[in-house]
Amino acid sequence: MAGGELKYDMSQNAYIKLVLHALKHRSSAVNGVLLVDPTTTSSRLPTLSLFHNHLGLLPPLEISLIMIEEYYIAQGLGIVGYFHANERFDDAELDNVAKNIGDHIYRYFPQAAILLLYTRDASKNWKLAGSDGGSRLILKEPAANIVLLDFISSQKWQDVVDFDDHLDDITKDWLNPDLFK
Amino acid sequence: MVTKTEETQLNRLEGQVENGGGGAWDYLCFVRKLKVRRSDKVLKYGLSILNDPKKRSSLGPEEWTLYEQVAIAAMDCQCLDVAKDCINVLQKRFPESKRVGRLEGMLLEAKGSWTEAEKAYLSLLEDNPLDQVIHKRRVALAKAQGNMSEAIEFINKYLEIFMADSDTWRELAEIYVSLQMYKQAAFCYEELILAQPTVPLYHLAYADVLYTLGGLENLQAAKKYYSSAIELTGGKNTRALFGICLCTSAIAQLTKGRNKEEKDSPDLQSLATAALEKDYKQRASDKVSVLGSALKSLKVSS
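What counts, and at which threshold
- In this numbering scheme, every chain counts its residues from 1 along its sequence in written order.
- Whichever chain is written first is A, and whichever ligand is written first is 1; the rest continue in order.
- Restriction of local features to residues with pLDDT of at least 70 applies here, the model being predicted, together with a cutoff of 80 or more for giving and counting side-chain atom pairs; totals for whole chains, interfaces and linings are based on all residues.
- Excluded from the side-chain calculations are hydrogens and water; all other atoms, namely the structure's heavy atoms, are used.
- Only DSSP runs of H or I with at least four residues qualify as helices, and only runs of E with at least two residues qualify as strands; both kinds are numbered from the N terminus onward.
- Pairs of residues are marked as contacts when any of their non-hydrogen atoms sit within 4.5 Å.
- Calculation of accessible area relied on Shrake-Rupley with a 1.4 Å probe; when residues are assessed, cover is drawn exclusively from the protein chains displayed.
- UniProt positions are given in the numbering used here, feature names are shortened, and annotations may be inferred rather than shown by experiment.
- Here the quantity called buried area is the accessible surface, traced with a 1.4 Å probe, that two parts lose on coming together, added over both.
- What makes a salt bridge here is a side-chain nitrogen of Lys or Arg within 4 Å of a carboxyl oxygen of Asp or Glu, nothing more.
- For the purposes of these results, a polar contact is taken to be a pair of N or O atoms within 3.5 Å, where, inside protein, one atom must be able to donate a hydrogen and its partner to accept one; residues adjacent in sequence count only when each atom of the pair is a side-chain atom.
- Residues were grouped as follows: Ala, Val, Leu, Ile, Met, Phe, Trp, Tyr, Cys and Pro as nonpolar; Asp, Glu, Lys and Arg as charged; and all remaining residues, including Gly, as polar.
- Here a cavity denotes a set of grid points, spaced 1 Å apart and computed over the protein atoms alone, in which a 1.4 Å probe fits but from which it cannot get out, and a pocket denotes an open set meeting protein on both sides within 12 Å along at least five of seven lines; residues with an atom within 4 Å of a point are reported as lining.
- Grid points are joined across faces, edges and corners, and a volume is the space filled by probe spheres set on the points.
- Each residue is placed in one exposure class: buried if its accessible area under a 1.4 Å probe, protein chains only, is under 20% of its type's maximum, exposed if it is over 50%, and partly exposed if it falls in between.
- Residue ranges assigned to each domain were obtained from an automatic or database domain assignment.
- Pairing between strands requires that DSSP locate at least two bridges from one strand to the other.

With respect to the overall build of chain A
Point 1. Assigned secondary structure in chain A consists of five helices and eight strands.
Point 2. Of the regular secondary structure in chain A, the N- to C-terminal order runs β-α-β-β-β-α-β-α-β-β-β-α-α.
Point 3. Residue pairs at least 24 apart in sequence account for 71% of intrachain contacts in chain A once pairs closer than 6 positions are excluded.
Point 4. Of the roughly 8,500 Å² of accessible surface on chain A, a fraction of 51% belongs to carbon and sulfur atoms.

Here it is, written out as structure tokens:
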């Protein structure tokens, strides 16, 4: 990737999925990873929800990252970023667990980003934390928030499956293929 | 802790009520019994009963329990007016009640008035220093303000008195894990395993913490606890099976080049791998190839 700013495009579905995951587990911290096709400069980011319990434990994290890598390597995608939402709604700090995981990913992919879901007032806003400042996150489809509201009112968050759910019951698919059908 | 059967039962009941099939009171009693947190549903169904005078009077003395349950659910959903109304009703019926006083403290908490809430709890504790629920509310208060060290301090003081409270040991362990204080978390899980050695979740959590701590001794101990978790769950626990594979791989990495006799036998890992593959083939066949390549990447050539 040549010089210049790296912009992060987030597809509507990716964005919605992350917020729905956080909504499903509103009394705990949640995390997930962002994927990218490293051969393009502007990356569309699909996302994968990881956990809502014990985010600081290594074994489930290792298993999930290995499985995600194995699955997506065949498609030429790699893990580019890390998404985290804190347990308390007004907590805008990245805790140590998030920092450690983020650093790990950053080591393998220097343009990695950490996204922290931070609720300010009644609207959900993204704050781009991590090695770069400034707001370089672009929502490809600006109507995403409207679609999100629609999903929230139909309680769509109950259908989000994360890796924790998969490890508890392997019949649940962490790829969430039917979430947006 | 809730078993899978209980959870399925609860979900079925919830679906039934949601689709107009009745059973709201049964659902609310079940939620109370299992102590699960389904505040949006409790609020919805509870209010539908409380706002209907006929349904309300048919509850008899259980009406007050429902008011309490709905008040707490309302606070969890930030419907503070509803909570205030329920508490007022309870206050009229039970003036000077400590239990209602507790609810008032929780309402202050829900509003974010931390100092007033703390004052309310402390005064309740003066009259009843062994009230477990109030002690736990003080911990929750500290946690809500992000003051983890204070929360830990309160929990430790609580456990000096109520050392058999396994839920509190679990809460403490989870806080330690979130702060990456793994040694302390391990201690909590050790206490839990000592108190209740046949609960597989404690073995599993302990093994996870040991693995996270790392180092050869911890990894070998982790392997033992993953094995006991597998034994206690009849081989059905996916996390424990994965844990075995991770441990074996990590141990092999650490002992590379050492004397061959010291190496563990590969039986355990192949058994775990086989069990995982069989389970995935049966229940998640689209993921079998991902599983296969993941497990292959874990196998370290000896």
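Topic: the UniProt feature "domain: EMC2 TPR-like" (unreviewed entry) in chain B
Point 1. The sites that carry the UniProt feature "domain: EMC2 TPR-like" (unreviewed entry) are, in the present numbering, residues 100–209 of chain B.
Point 2. Regarding residues 100–209 of chain B, the helix share stands at 82% and the strand share at 0%, and the terminal C-alpha atoms are separated by 40 Å.

Brief notes about the interface of chain A and chain B
Point 1. Residue-level contacts link 32 residues of chain A with 35 residues of chain B.
Point 2. Across the chain A to chain B interface the summed buried area is about 2,800 Å²; carbon plus sulfur atoms make up 59%.
Point 3. Inspection of the region where chain A meets chain B yields five salt bridges.
Point 4. For the salt bridge of Arg239(B) with Asp168(A), the shortest nitrogen-to-oxygen distance reads 3.0 Å.
Point 5. Across the chain A-chain B interface, the total number found is nine residue pairs in polar contact (both at pLDDT 80 or more).
Point 6. Among the elements of the structure, helix H2 (58–73), helix H3 (96–108) and helix H5 (163–168) of chain A are those that each provide at least two residues to the side of chain A that touches chain B.
Point 7. The dominant element in the side of chain A that touches chain B, judged by the number of residues it contributes, is H2(A), at nine residues.
Point 8. A class-by-class count of the residues in the side of chain A that touches chain B yields 13 nonpolar, nine polar and 10 charged.

Quick look at empty space enclosed by the protein
Point 1. By the definition in use, this model includes two cavities of 30 Å³ or more.
Point 2. The space that makes up the largest cavity amounts to roughly 60 Å³.
Point 3. Pro59(A), Pro60(A), Ile63(A), Leu167(A), Asp208(B), Tyr226(B), Arg239(B), Phe242(B), Gly243(B) and Leu246(B) together form the lining of the largest cavity.
Point 4. Classifying every residue of the lining of the largest cavity by side-chain character gives seven nonpolar, one polar and two charged.

Details of the pattern of salt bridges
Point 1. Tallied over the entire structure, the rule returns 22 salt bridges over all chains.
Point 2. For Asp159(A), the salt bridge identified is with Lys156(A), shortest N-O distance 3.9 Å.
Point 3. Look at Asp159(A) and you get partly exposed, because its relative accessible area is 43%.
Point 4. Relative accessible area serves as the criterion here: at 16%, Lys156(A) is assigned to the buried category.
Point 5. Arg138(B) serves as the salt-bridge partner of Glu118(B), at 2.8 Å between the closest nitrogen and oxygen. Of this pair, Glu118(B) sits in helix H8 (residues 114–127) while Arg138(B) sits in helix H9 (residues 132–144); the two residues are 20 residues apart in sequence, bridging distant segments of the chain.
Point 6. Among the residues examined, Glu118(B) registers a relative accessible area of 22% and is labelled partly exposed.
Point 7. You can call Arg138(B) buried: its relative accessible area is 16%.

Examining the domain arrangement of chain B
Point 1. You can read the domains of chain B as domain 1 (1–77) and domain 2 (195–254 + 267–302).
Point 2. Distance between the C-alpha centres of domain 1 of chain B and domain 2 of chain B: 39 Å.

Focus: the pairing of strand E2 (residues 30–36) of chain A
All names here are of chain A.
Point 1. The element E2 is extensively covered by neighbouring structure, given that seven of its seven residues are classed as buried.
Point 2. Burial of E2 is two-sided: the residues Val-30, Gly-32, Leu-34 and Val-36 facing one way and the residues Asn-31, Val-33 and Leu-35 facing the other way are all buried.
Point 3. As paired elements, E2 and strand E5 (residues 78–85) share seven bridges and run antiparallel to each other. Its bridge partner being in E5, Leu-34 is matched across the sheet by Gly-81.
Point 4. The pairing of E2 with strand E4 (residues 47–51) spans four bridges and is antiparallel. The residue bridging Leu-34 from the neighbouring strand is Thr-47, located in E4.

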